[in-house]
Amino acid sequence: MSRPQAAGGRTVGLAALTPMRSWEKVAPGVWRSTAGDGGRELRYTSLAAEPPRLEALARRSEQDFPFAEEPIAFERTADGKIVLRIPCGPAEKLYGFGLQFDGMDRSQAVLTLNVDHWGKGSGRTHAPVPFYVSSRGYGVFIDTARFLKIYARVGNRKDDLRNPSPVDRNPPPGETAEPWQAQPRSNAVEALVDGPGAEIVVLAGASMADVVERYNLLCGGGALPPLWGLGFWHRVHAEADEARVQAEVAEFEKRGIPLDVIGLEPGWMTKSYPCTFEWQRKRFPDPAGFAAGLLKKGIRLNLWENPYVSPESRLYKVLFPLSGSHMVWLGLVPDYTIPAARQALLEQHRTDHVEIGVSGYKIDEVDGYDVWLWPDHASFPSGTPAPVMRQAYGLMMQDLIFKGLFKARNLRTYGLVRASNGAASGYPFAIYSDAYDLKEYITGIGAAGISGLLWTPEIRDAGNEHDWLDRMTLDEARKFYAEDQFDKGSMGPKIKAVIEFLEGGGAKGLITNP
């Protein structure tokens, strides 16, 4: 029996979907295919730190393709976008979609996967990775830098024969009914891709952990940080000069506290917001001597920057024709898909920073909000759509800094970045967020791990020691207590008691004056 069509002649419902039956096997348990026209689309895997670890993947066990019986399918919307439909079983649990702070279970959720300043519950976050894993032992990675909206088992199609039966919410007296559901669970994850096509990667494994491992190997494997990167980091105030930095270093030495990395905030450069990337000589008259002195003490130097180029930078003229139509904080937004733009920044950073001993960067302000970043209708010289540039800009900066500055010179680096996305597993950068709540911390670490991300909360400046302690996480408290940084006759026992309280299931520990 043929299905009825709408008055305009467009077929609607499941009959409008095109099954994806042609899949290329990349490695054991890894397959890929394309929905729609994805030939010119930017894929996250093209920005990965390393090529896929095919030899390591080849040693993994063979797996059955998880969608052999009921295929993944897609359709093109009336306005030319792509909708993917990925079937789910009735008891499946879904986890992932990048750095999220409001929970791990995504079995029934609507998420807008747009790079943005960190948030909770909406999907708009520092790293909205379009990858999820199922309790059934598979994962799906939508390898496109387009905006996506995910309907994870939300939204029932009218011709789906597996829909639950409707329930009367207000049965008459004497009649009983099953509990009414405000959100009847659907049988699929549906994804609206804001573009003409997308590459889909399906992964299968013996467990969810095995699926995540295969995803990381596909994305080039994990990052191996230098030992100093795992040590104690300290960032100074934005207005700090060399004398203040040296004074703070001396205070660490006096107290016997290990110090591995000093981070300079915006005041190290002549202009910031937008940036020149050039040393402010009033604060740092001898940058090379300053960096060398820190290295002699075993302290690495990390520089804050955002990517937006000040009119007072010597890069401004070169980058003006290689930047987008709109500015951020009145600074140029370079189009780093263009080799000449990449080369200009790399050359300046190499001579002014890396050659004098700078070991890494904190790449800020690549996350949002809408009122800060370029609008969705902005244009770029390469023709890259503005939303795609937004989704991938944090990845592009990691790619530029890691490959162009450090890997090219066989140097190790470890840094911070404000936003990232899919296929970032191999980059030695940790995303940082203004998160102080213990539950958010634990959730963020777990969620980031599922998507192959490194993540850390950031402790901002504090008014005094007690204010600083108020922002400390359980992990940090354990570390500092183990390093004997609290007075054994005073604060030490209190910190120990708080640690034991939190380890026992407490939500938050509070130390007060009598």
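Above this text sits the structure in question.
Worth saying up front: this structure is predicted, and the values here are computed from it rather than measured. (Residues numbered from 1 in each chain as written. Predicted model: local features only at pLDDT ≥ 70, side-chain atom pairs only at ≥ 80, totals over all residues. Heavy atoms only, no water.)

(A) Looking closely at the overall build of the protein. Counting its secondary structure elements, the protein contains 11 helices and 19 strands. Its C-alpha atoms give the protein principal-axis dimensions of roughly 80 × 60 × 45 Å. Counting only residues that meet the buried cut, the protein has 53% of its 514 residues in that class. Nonlocal contacts in the protein, meaning residues at least 24 apart in sequence, comprise 73% of its contacts between residues at least 6 apart. Within the structure as shown, the protein displays about 23,500 Å² of accessible surface, and the carbon and sulfur contribution to it stands at 52%. Across the protein, the 58 positively charged side chains and the 63 negatively charged ones have centroids separated by 2 Å. (Helix = DSSP H or I, 4+ residues; strand = E, 2+ residues; numbered from the N terminus. Buried < 20%, exposed > 50% of the residue type's maximum accessible area, 1.4 Å probe, protein only. Contact = heavy atoms within 4.5 Å. Areas by Shrake-Rupley, 256 points an atom, 1.4 Å probe, with all protein chains shown as cover. Lys, Arg positive; Asp, Glu negative; His and termini not counted. Charge placed at Lys NZ, Arg CZ, Asp CG, Glu CD.)

(B) Local environment of the side chain of aspartate 160. For aspartate 160, the position within the fold is in the loop between strand E10 (148-152) and strand E11 (188-193). Within the structure, the side chain of aspartate 160 is placed 3.1 Å from the side chain of arginine 85, a separation counted as a polar contact. In contact with aspartate 160, other than residues within four places in its own chain, are Leu14, Arg85 and Asn187. (Polar contact = N/O pair within 3.5 Å; in protein donor to acceptor, adjacent residues only side chain to side chain.)

(C) Quick peek at the side chain of threonine 443. In this fold, threonine 443 is placed in helix H8 (residues 438-450). The residues touching threonine 443, leaving out its near neighbours within four places in the chain, are Gln100, Phe101, Asp102, Gly103 and Met104.

(D) Spotlight on the nonpolar core. Counting residues in each nonpolar core, the largest one holds 109 residues, and the members touching the most others are Leu264, Leu301, Trp374 and Tyr393. Residue contributions to this core peak at 13 residues, all from helix H7 (residues 386-406). Once residues lying within four places of it in the same chain are set aside, the contact partners of leucine 301 are Ile262, Leu264, Trp279, Phe290, Ala291, Leu294, Val358, Ser359 and Gly360. Cys88, Tyr138, Ala191 and Val193 belong to the second largest nonpolar core, which has 30 residues in total. (Core = buried A, V, L, I, M, F, W, Y, C linked by side-chain atoms within 4.5 Å.)

(E) Examining the pairing of strand E5 (residues 82-87) more closely. Among the 6 residues that make up E5, 6 are buried, leaving the element largely enclosed by the rest of the structure. The alternating pattern of E5 places Ile82, Leu84 and Ile86 and Val83, Arg85 and Pro87 on opposite faces, both of which are buried. Where strand E4 (residues 73-76) and E5 come together, 4 bridges link them in antiparallel fashion. Considered in E5, the bridge of alanine 73 is made with arginine 85. Following E4, the chain reverses through 5 residues before pairing antiparallel with E5; glycine 80 in that reversal takes a positive phi of roughly 90 degrees. Across 6 bridges, the pairing between E5 and E11 is antiparallel. (Pairing = 2+ DSSP bridges.)

(F) The arrangement of the pattern of salt bridges in detail. Summed over all chains, the structure comprises 35 salt bridges. Taking the shortest distance from any N to any O, the salt bridge between aspartate 79 and lysine 81 comes out at 3.9 Å. Here aspartate 79 falls in the exposed class, since its relative accessible area comes to 55%. Put simply, Glu70, Glu75, Arg85, Arg157, Asp160, Arg162 and Glu190 are held in one network by salt bridges that share partners. (Salt bridge = Lys/Arg side-chain N within 4 Å of Asp/Glu carboxyl O.)

(G) Region of the structure containing the sheet that holds strand E8 (residues 131-134). Spatial strand order, E2-E3-E12-E9-E8-E6: 6 strands in an open sheet with antiparallel pairing. Pairing within the sheet leaves two strands with one partner each, and these edge strands are strand E2 (24-27) and strand E6 (94-96). Across the sheet, the mean angle separating the axes of adjacent strands is 25 degrees when strand polarity is ignored. Relative to strand E9 (residues 138-143), E8 is paired through 4 bridges, and the arrangement is antiparallel. (Axes fitted to C-alpha atoms, helices over the stretch in contact; angles between N-to-C directions.)

(H) Looking closely at the sheet that holds strand E19 (residues 455-457). What the 7 strands build is an open sheet, ordered E13-E14-E15-E16-E17-E18-E19; its pairing is parallel. Where the open sheet ends on each side, the last strands, each with one partner, are strand E13 (233-235) and E19. On average, adjacent strands in this sheet sit at an angle of 30 degrees to one another, irrespective of strand direction. Direction of pairing for strand E16 (residues 358-363) relative to strand E17 (residues 415-417): parallel, over a ladder of 2 bridges. Within the sheet, the bridge partner assigned to lysine 362 lies in E17 and is leucine 416.

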